[in-house]
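An overview of the molecular structure
Each chain is listed here by its residues.
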Amino acid sequence: MAQRPSKLAYALLGLMTVASMGGPFLIGTTLRGGDRPGWPPDRPVEWATFIGVTSAVALLMLVILIHGLSLHRKLSREAAAAKAAREAAVSSRPPTAGVEP
């Protein structure tokens with residue numbers, strides 16, 4: 001049976017969606033101000049916005065990756081434990097008469 005995604009996974013998905021969809025608009029809006037409305041940024045606030053949005057997206061990617069890997073490891077351990085329990089239950093059954101293993 002498949003496990004339902006955690007609330008953390010949904011929250012990270014929502015934050016990543018906002019950052020990856022809204023971030024470029026925020027950067028573009030910030031870049032339009034100042035003496036030169038283009039690239040490269042000429043004001044510190046433009047650089048701070050660009051670095052902040054880029055860092056937020058990179059950090060969210062890292063957190064999502066770590067969360068996914070830890071969930072995968074947890075599910076792998078649970079599956080191995082369940083398999084070992086099934087094998088132990090099968091090996092502890094008494095043999096049936098007349099049936100060869």
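The sections below set out a description of the structure shown in this document. (Residues numbered from 1 in each chain as written. Predicted model: local features only at pLDDT ≥ 70, side-chain atom pairs only at ≥ 80, totals over all residues. Heavy atoms only, no water.)

**Notes on the pattern of salt bridges**
Where we set the bar: Whenever a carboxyl oxygen of Asp or Glu lies within 4 Å of a side-chain nitrogen of Lys or Arg, that contact is scored as a salt bridge. Exposed residues in this analysis have more than 50% of their type's maximum accessible area, buried residues have under 20%, and partly exposed residues fall in between, with area computed by a 1.4 Å probe over protein chains only.
Across all of its chains, the model carries 1 salt bridge by this definition. A salt bridge links Glu-46 to Arg-43; its shortest N-O distance comes to 3.1 Å. Judged by its relative accessible area of 29%, Arg-43 is partly exposed.

**A few points about helix H2 (residues 44-91)**
As a reminder of what qualifies: Numbering of helices and strands starts at the N terminus; helices are DSSP runs of H or I of at least 4 residues and strands are runs of E of at least 2. Here the expected length of a helix is defined as 1.5 Å per residue gap, with one fewer gap than residues. In this analysis, two residues are considered to be in contact whenever any of their non-hydrogen atoms come within 4.5 Å of each other.
Here H2 is 48 residues long and its end C-alpha atoms lie 70 Å apart, about the 70 Å a rise of 1.5 Å per residue gives. By the burial criterion, the buried members of H2 are Glu-46, Thr-49, Val-53, Val-57 and Leu-60. Residues of H2 that are buried sit in contact with helix H1 (7-31).

**Let's talk about the packing of H1 against H2**
How we decide: An axis is simply a line fitted to the C-alpha atoms; with a helix, the fit covers only the stretch in contact. Between two such axes, the angle follows the N-to-C directions and lies from 0 to 180 degrees. An angle counts as roughly parallel when it lies under 35 degrees, as roughly antiparallel when it exceeds 145, as roughly perpendicular when it falls between 65 and 115, and as oblique in every other case. Left-handed describes a crossing whose near helix is turned anticlockwise from the far helix by less than a right angle; the clockwise case is right-handed. For this scheme, ten residues count as nonpolar: Ala, Val, Leu, Ile, Met, Phe, Trp, Tyr, Cys and Pro. Four count as charged, namely Asp, Glu, Lys and Arg, and the remainder, Gly too, count as polar.
Put simply, H1 and H2 touch, their axes get as near as 10 Å, and they point 160° apart. Between H1 and H2, the crossing angle belongs to the class labelled roughly antiparallel. Remark: the crossing between H1 and H2 carries left-handed chirality. Between H1, through Leu-8, Ala-9, Leu-12, Leu-15, Met-16, Ala-19, Ser-20, Gly-23, Leu-26, Ile-27, Thr-30 and Leu-31, and H2, the contact on the second element is made entirely by Val-45, Glu-46, Thr-49, Phe-50, Val-53, Val-57, Leu-60, Met-61, Val-63, Ile-64 and His-67. Of the residues contributing to the contact of H1 with H2, the split by class is 17 nonpolar, 5 polar and 1 charged.

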